[in-house]
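# Remarks on the overall topology
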Amino acid sequence: MVTRKEKRNREKEANYFFEFLKIQKHFFKDLMNNLKKVADHRHQSYITYGPEVLLFTMMLKNMTGLKSMRNMSESFNKEECIKNVGKVLGLDSLEELPHYDTINDFLSGLDVNELEKIRTYMIKELLKKRSLESYRIEGKYWGVIIDGTGLHTFHEKHCKHCLRRAYTNKETGETNVLYMHHVLEAKLVVGDMVFSIASEFIENESENVSKQDCELKAFDRLAKKIKKIFKRLPICILGDSLYACETVFNLCRAHKWKYICRFKEGRIKSISTEFKAIKELEQSKDQNSLVWVNDIAYKDRTVNLMEATMKTEDGKSKEYVFRAC
Ligand SMILES: [Zn+2]
């Protein structure tokens, strides 16, 4: 056991910047060059800092857990810090670190694809190093979770791409519209870590679309993106019950991926009916039990369904896990 005091002392001795550089040099040797290559949208004659300085400063801010940009400018503009950053980037002449206004200005006009290229470079390096091999499913497939997240919600229209959702205020009875921005993320699962490998915004093309964009439509686009970047990577898509549907099965088949999705009763009725019928024949009385049925016919394919029943501390809980190949 490490006491808190020992931990504090140990942390005092740790040089996190040095540790970070060690990791960066080992896994991402070419990171700084990649930052330098980011396409710069600014007028070239007004530039003091190249993209690598701006992006690296931002990375330091996020890694050190600084909450605000203002905070960052205050904490980083110290002689030693400037010197260290200059050294890392091979810029001996670096005298100041960029002001947060300069960074904001750069980031607000930056093409998202430019950052995606850096992420792709990093993920591919990690895979190449083969240090995550033990996390492959059945020693072969990389688990990739598909996960939709809300980014922003507004009470007034924010832009023409906003997703809209009408809701009724229970107290006033008034109907209002929420304006939202969501993103669909593909995340590589390696033990208790997840790494984002591709993102797709869920947004409407224009205000007058007859049907709004949704997670499944965005998944179609995201899947194409993943396939383009990681052409031959053996992938197993991991999704919640929304993904247990034919659209996703077909997409996975087209891209030669496996999939494991949560299955909620009612998502595909014929499958749960058949599963239940077979399960009743072989029902186990165990409270912690695992029941599965292979090769349940569904359209022109077969799927496997597994049900795990586990006792939880607050009583009993039942879960369907759906797996299809
Ligand atoms: Zn918007």
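None of the values given here were measured: they were computed from a predicted structure. For every chain, the first residue of the written sequence is number 1, and numbering continues from 1 along that sequence. Restriction of local features to residues with pLDDT of at least 70 applies here, the model being predicted, together with a cutoff of 80 or more for giving and counting side-chain atom pairs; totals for whole chains, interfaces and linings are based on all residues. Only hydrogens and water are removed before side-chain values are computed, so all heavy atoms of the structure are retained for them.

The expected angle between donors at a tetrahedral four-coordinate metal is 109.5 degrees. At an octahedral six-coordinate metal it is 90 or 180 degrees. Within the first shell, the zinc ion binds the protein through H158 (ND1), C159 (SG), C162 (SG) and H181 (NE2), at distances of 2.0 to 2.3 Å. The donor definition counts N, O and S atoms within 2.8 Å of each metal and applies 3.2 Å to Na, K and Ca; water is not among these atoms, so some sites may look incomplete. For four-coordinate sites, all angles between 85 and 135 degrees define a tetrahedron; for four- and six-coordinate sites, opposite donors beyond 155 degrees with the remaining angles between 65 and 115 define square planar and octahedral shapes respectively, and all other cases count as irregular. Relative to the metal, the four donor atoms surrounding the zinc ion lie at angles of 101 to 125 degrees, and the coordination shape comes out tetrahedral. The sequence pattern describing where the donors of the zinc ion fall on their chain is H-C-x2-C-x18-H. Taken together, the positions of C162 in the loop between strand 1 (142-154) and strand 2 (163-168) and H181 in strand 3 (residues 175-190) put the pair 19 residues apart, joining distant regions of the chain. Exposure classes here rest on a 1.4 Å probe applied to the protein chains alone. A residue is buried below 20% of its type maximum, exposed above 50%, and partly exposed in between. Since its relative accessible area comes to 1%, C162 is described here as buried. Given a relative accessible area of 11%, H181 falls into the buried group. Labels follow the DSSP assignment, with helices taken as runs of H or I lasting at least four residues and strands as runs of E lasting at least two, numbered in each case from the N terminus.

Moving on, we come to the nonpolar core. Core analysis: the biggest nonpolar cluster contains 75 residues, and F56, I146, F219, I226 and I237 have the highest contact counts within it. When residues in this core are grouped by element, the largest group, six residues, is from helix 4 (residues 51-63). Throughout, a contact is declared for two residues whenever any of their heavy atoms are within 4.5 Å. Apart from residues no more than four positions distant in its own chain, I226 is found in contact with A186, I197, A198, I235 and W257. Definition used in this section: a nonpolar core is a set of buried Ala, Val, Leu, Ile, Met, Phe, Trp, Tyr and Cys residues joined via side-chain atoms within 4.5 Å.

Domain annotation for the protein reports domain 1 (12-114), domain 2 (133-260) and domain 3 (263-325). Computed from C-alpha atoms alone, the centre-to-centre distance between domain 1 and domain 2 is 30 Å. Either an automatic procedure or a domain database provided the assignment from which the domain bounds are taken.

Where strand 7 (residues 289-298) lies against strand 8 (residues 301-312), eight bridges are found, and the strand directions are antiparallel. The residue of strand 8 that forms the bridge with L290 is A308. Between the antiparallel neighbours strand 7 and strand 8 lie two residues, among them K299 with a positive phi of about 50 degrees. One requirement defines pairing of two strands: DSSP has to find at least two bridges between them.

All right, on to the pattern of salt bridges then. Just to be clear on terms, a salt bridge is a Lys or Arg side-chain nitrogen sitting within 4 Å of an Asp or Glu carboxyl oxygen. Here the structure, examined in full by the defined rule, presents 19 salt bridges. Note that R130 is salt-bridged to E133, the shortest N-O span being 3.6 Å. Accessibility expressed as a relative area gives 56% for R130, which makes it exposed. Here E133 falls in the partly exposed class, since its relative accessible area comes to 22%. Across the pair R221 and D213 runs a salt bridge, and its minimum N-O distance is 2.7 Å. Several salt bridges converge on common partners, so that one network encompasses E116, R119, E200, D213, R221 and K225.

Turning our attention to the environment of A39. Within the secondary structure layout, A39 lies in the loop between helix 3 (31-36) and helix 4. The partly exposed category is assigned to A39, whose relative accessible area is 42%. Sequence separation between A39 and N208 is 169 residues, and the spatial gap between their C-alpha atoms is 33 Å. If we ignore the near neighbours within four places in the chain, the residues touching A39 are L110 and E114.

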